[in-house]
Every structure is written in C-alpha cells, then in structure tokens.
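Coordinates in review
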Amino acid sequence: MQKINLKEIYDSANEHYLNKDYKKAKDLYLTILKQAPEHPETNNNLGLTYRNLNQIEDAMNCFKTALKSNENYVIALNNLAKCQQEVNLISESIENFEKSLKLDPDKKKTFEEYASTLFKANEHMKALGYLDKSVGTINFSHEKVSIS
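Notes on the structure in this doc start here. (Residues numbered from 1 in each chain as written. Predicted model: local features only at pLDDT ≥ 70, side-chain atom pairs only at ≥ 80, totals over all residues. Heavy atoms only, no water.)

Examining the packing of aromatic side chains
Condition: Here is the rule: rings of Phe, Tyr and Trp (six-membered ring for Trp) pair when centre to centre is within 6.5 Å. Planes less than 30 degrees apart are stacked, more than 60 are edge-to-face, and the remainder are tilted. In this description a helix means any DSSP run of H or I spanning at least four residues, a strand means any run of E spanning at least two, and both kinds are numbered starting from the N terminus. The cut-offs for exposure are 20% and 50% of the maximum accessible area for each residue type, with area from a 1.4 Å probe on protein chains only; residues under the lower value are buried, those over the upper are exposed, and the others partly exposed.
For the coordinates displayed, the defined rule picks out five aromatic pairs. Between phenylalanine 111 and tyrosine 130 the ring centres are 5.9 Å apart and the planes differ by 50°, which places this aromatic pair in the tilted class. Of the two residues, phenylalanine 111 sits in helix 7 (residues 108–120) while tyrosine 130 sits in helix 8 (residues 124–135), which places them 19 residues apart along the sequence. Grouping residues by exposure puts phenylalanine 111 and tyrosine 130 together as buried. One aromatic cluster is present, formed by Phe97, Phe111, Tyr114 and Tyr130 through successive ring pairs.

Structure, rendered in structure tokens:
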C-alpha cells in the first residue's frame, strides 16, 4: 500500500486555490481531511474554498472545526466572523472578532472587518473608533498637521 504524502497534497491544494481552481482545491483538502480530520490549517483553507464557492454554511463548519483543534487560531476566528457577518449572524460575528482582537490586539485588518460588523449592528461610534485604528487618521489644524 502506497503512503500518501499529505504535505505534497496540501501544497498542491493551496496552489489550486491560489489559481482559483476551487473545485480541485476542495477535492484535495478533503483528501487530506480523510487522513487528518482535525488539521486546523486544512480545515481553514477548505473553509475559504467553500466561501469562494458560495457555500457559506460549509465554510463556517470548516472554520468551527479548525477552532475545535486550536481555539486560538486567529485566522480561522476572523474567517468565521466574516462569514457570520455575511449571513447576518451579527452578534456571533462581533463575539468572534472580539475574541480575535484579545488574542492579536494589533491586527489592523481585524479592526477594519470588526468595524464593518459594528456598522451593521448600528454601533457607529464604536465602529468609527475601530476603523480609525485600522487606517489611521490625518489631523489638520491651523497650527499643525499630524499623522496618527
């Protein structure tokens, strides 16, 4: 019996994903998960693949599986939160973005995505604060110009 080289399959799946061949990437990620069903990175990448195939429920399930293996996996948390926002699970999305920011408080991309979710929740002032953290601001006055 021939041993499957999961690293080669994973690399190939990622290459197909990057080339937008999502069907082939999905098949390869599923092959890996037959051997290593709890592998967080593969579950995360399969989730991204499902998201690109507009299979949001499947995508969210993959991100949740990735988080079962590693509850502090910030990338999977953010991907889950983005999907939840897309299907209007706003309170769940906010909860996951907040957990993500506790784990990685300086991730500017998370600030931006969290702000978008807060806008959907009509928390505009809080959203503006996080949007400001993500992009920074330029303050103009007659006396000075400062970039923060």
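From this point, the narrative continues.
With respect to the nonpolar core
Put simply, the rule is: Side-chain atoms within 4.5 Å link the members of a nonpolar core, which is a set of buried Ala, Val, Leu, Ile, Met, Phe, Trp, Tyr and Cys residues. In this analysis, two residues are considered to be in contact whenever any of their non-hydrogen atoms come within 4.5 Å of each other.
In terms of nonpolar packing, the biggest core is built from 25 residues, with Tyr17, Tyr29, Leu46, Phe63, Leu67 and Cys83 touching the most fellow members. Those elements that place two or more of their residues in this core are helix 1 (6–18), helix 2 (22–35), helix 3 (40–52), helix 4 (56–69) and helix 5 (74–86). Once you skip the residues sitting within four places of it in the chain, leucine 46 turns out to touch Lys26, Tyr29, Leu30, Leu33 and Cys62. In terms of nonpolar packing, the next biggest core, distinct from the first, is built from 11 residues, Ile90, Phe97, Ala115 and Leu118 among them.

No statement about biological role is implied by the geometric values presented.
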